[in-house]
Amino acid sequence: MLPVLKDIKTFILFMEKIIISSLFGIIICSCNNKNSKEIPNEVIVIVELVKNKDKSEEELKKFTKRYSDYVKSTESNTLGWTYHDAGDKIILIERYKDEDANIITAKNISPGGNRYKLLQESFDYYSLEKVTVIGGFTQKLVDFNKMTAEKVGFTAPFLYYPLISGYSKNLK
């Protein structure tokens, strides 16, 4: 129930309080909404793979779908996992919420990890040529990837390009 407003001054003060409260509520909701959509520390990994000429396009397509479906079902903070045809190569784009999500992948492909056997099978379809890591990572990820590469036997170069500025967002 509205208070009895005795004069215009009281009415103006009352309306100012309502407007300020409403604006404050809108700002709070906007900030919360923005934060849930932005991915400030996203890490993107671009993997260059050389196709095994003994495998057909259909075999490659079937295997890469199985691999990406497996990642989707086991790594909740992996935002994207897409394979792209580049002639004699395949370009794999991996997107992660942050470096910790990328470290989960590194653990999973290590000996004893839940994806180690699938990784080994993947070398029947393609070989690793180069890995480029971009985005919001620290030395922690660089060191972890180096250790994982040694465990798994990767000899391909890993290149790192840290984020300077910008944004990434989830449209959901």
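As a reminder, the structure under discussion sits directly above these lines.
A short tour of the structure in this document, coming up. This structure is a prediction, so every number in the text was calculated from the model and none was measured.

What counts as what
Residues numbered from 1 in each chain as written. Predicted model: local features only at pLDDT ≥ 70, side-chain atom pairs only at ≥ 80, totals over all residues. Heavy atoms only, no water. Helix = DSSP H or I, 4+ residues; strand = E, 2+ residues; numbered from the N terminus. Expected span 1.5 Å × (residues − 1). Buried < 20%, exposed > 50% of the residue type's maximum accessible area, 1.4 Å probe, protein only. Arc of directions from axis to C-beta. Contact = heavy atoms within 4.5 Å. Pairing = 2+ DSSP bridges. Axes fitted to C-alpha atoms, helices over the stretch in contact; angles between N-to-C directions. Phe/Tyr/Trp six-rings, centres within 6.5 Å; stacked < 30°, edge-to-face > 60°. Lys NZ or Arg CZ within 6 Å of the ring centre and 35° of its normal. Right-handed = clockwise from strand over helix to strand, strands pointing away. Lys, Arg positive; Asp, Glu negative; His and termini not counted. Salt bridge = Lys/Arg side-chain N within 4 Å of Asp/Glu carboxyl O. Polar contact = N/O pair within 3.5 Å; in protein donor to acceptor, adjacent residues only side chain to side chain.

## Considering helix H5 (residues 139–152)
Note: α-helices contain 3.6 residues per turn, so residues at a spacing of three or four share the same orientation.
Then comes step 1: Relative to the 20 Å expected for 14 residues at 1.5 Å per residue, H5 spans 20 Å between its end C-alpha atoms, a close match to the ideal helical length.
Then comes step 2: For H5, the full list of buried residues reads Leu141, Val142, Phe144, Asn145, Thr148, Ala149 and Val152. The buried side chains of H5 occupy one side of the element, clustering within an arc of 165° when seen end-on. Exposed residues lying more than 90 degrees from the buried face of H5 are Lys146 and Glu150.
Then comes step 3: Of the surrounding elements, those touching the buried residues of H5 are strand E1 (43–51), helix H3 (99–109), helix H4 (116–122), strand E4 (126–135) and strand E5 (158–162).
Then comes step 4: At the C-terminal side of H5, Gly153 shows a positive phi close to 90°.

## So, the pairing of E1
Then comes step 1: Pairing of E1 with strand E3 (residues 89–96), which is carried by eight bridges, proceeds in the antiparallel orientation. Paired with Glu48 across the two strands is Ile91, which belongs to E3.

## Some points on the sheet that holds strand E2 (residues 78–86)
Then comes step 1: Strand order in the open sheet formed by five strands is E2-E3-E1-E4-E5, with mixed pairing between adjacent strands. Strands with a single pairing partner mark the edges of an open sheet, and in this sheet they are E2 and E5. The mean inter-strand angle of the sheet, taken between neighbouring strand axes irrespective of direction, is 15°.
Then comes step 2: Judged from the eight bridges that link them, E2 and E3 form a sheet pairing that is antiparallel. By the bridge assignment for E3, His84 is matched with Ile91.
Then comes step 3: Across the sheet, helix H2 (residues 57–74) is in contact with E1, E2, E3 and E4; its angle to E2 comes to roughly 170°.

## Looking at the packing of aromatic side chains
Then comes step 1: Evaluation of the coordinates by the stated rule reveals seven aromatic pairs.
Then comes step 2: The rings of Phe63, Tyr67, Trp81, Tyr125 and Tyr126 are connected pair by pair, giving a single aromatic cluster.
Then comes step 3: The aromatic ring of Tyr125 is capped on one face by Lys55, whose charged end is 4.6 Å from the ring centroid.

## So, the pairing of E4
Then comes step 1: Judged from the nine bridges that link them, E1 and E4 form a sheet pairing that is antiparallel. Residue pairing for E4: Val50 is matched across the bridge by Ser127.
Then comes step 2: Pairing of E4 with E5, which is carried by five bridges, proceeds in the parallel orientation. Among the inter-strand pairings, Val131 is bridged to a residue of E5, identified as Phe158.
Then comes step 3: The parallel pair E4 and E5, bridged by H5, forms a crossover whose chirality is right-handed.

## Concerning the side chain of Asn102
Then comes step 1: By the element assignment, Asn102 lies in helix H3.
Then comes step 2: On the accessibility criterion, Asn102 (4% relative accessible area) is buried.

## Describing the side chain of Glu99
Then comes step 1: Mapping Glu99 onto the fold places it in helix H3.
Then comes step 2: Among buried Asp, Glu, Lys and Arg side chains, Glu99 stands out as unpaired, with Lys140 the closest opposite charge at 4.5 Å.
Then comes step 3: Here the side chain of Glu99 touches Leu141 through a polar contact of 3.5 Å, landing on its backbone nitrogen.
Then comes step 4: Contacts of Glu99, omitting those with residues within four sequence positions, involve Asn41, Val43, Gly136, Phe137, Thr138, Lys140 and Leu141.

## What to know about H2
Then comes step 1: Helix length check: H2 (18 residues) gives 26 Å between terminal C-alpha atoms against 26 Å at 1.5 Å per residue, within 8%.
Then comes step 2: Taken residue by residue, H2 has Leu60, Phe63, Thr64, Tyr67, Ser68 and Val71 as its buried positions. Taken down its axis, H2 places every buried residue within 130° of arc, on the same side. In H2, the exposed positions angled more than 90 degrees off the buried face are occupied by Glu58, Lys61, Lys62, Lys65, Lys72 and Ser73.
Then comes step 3: Close packing links the buried residues of H2 with E1, E2, E3, H3, H4 and E4.

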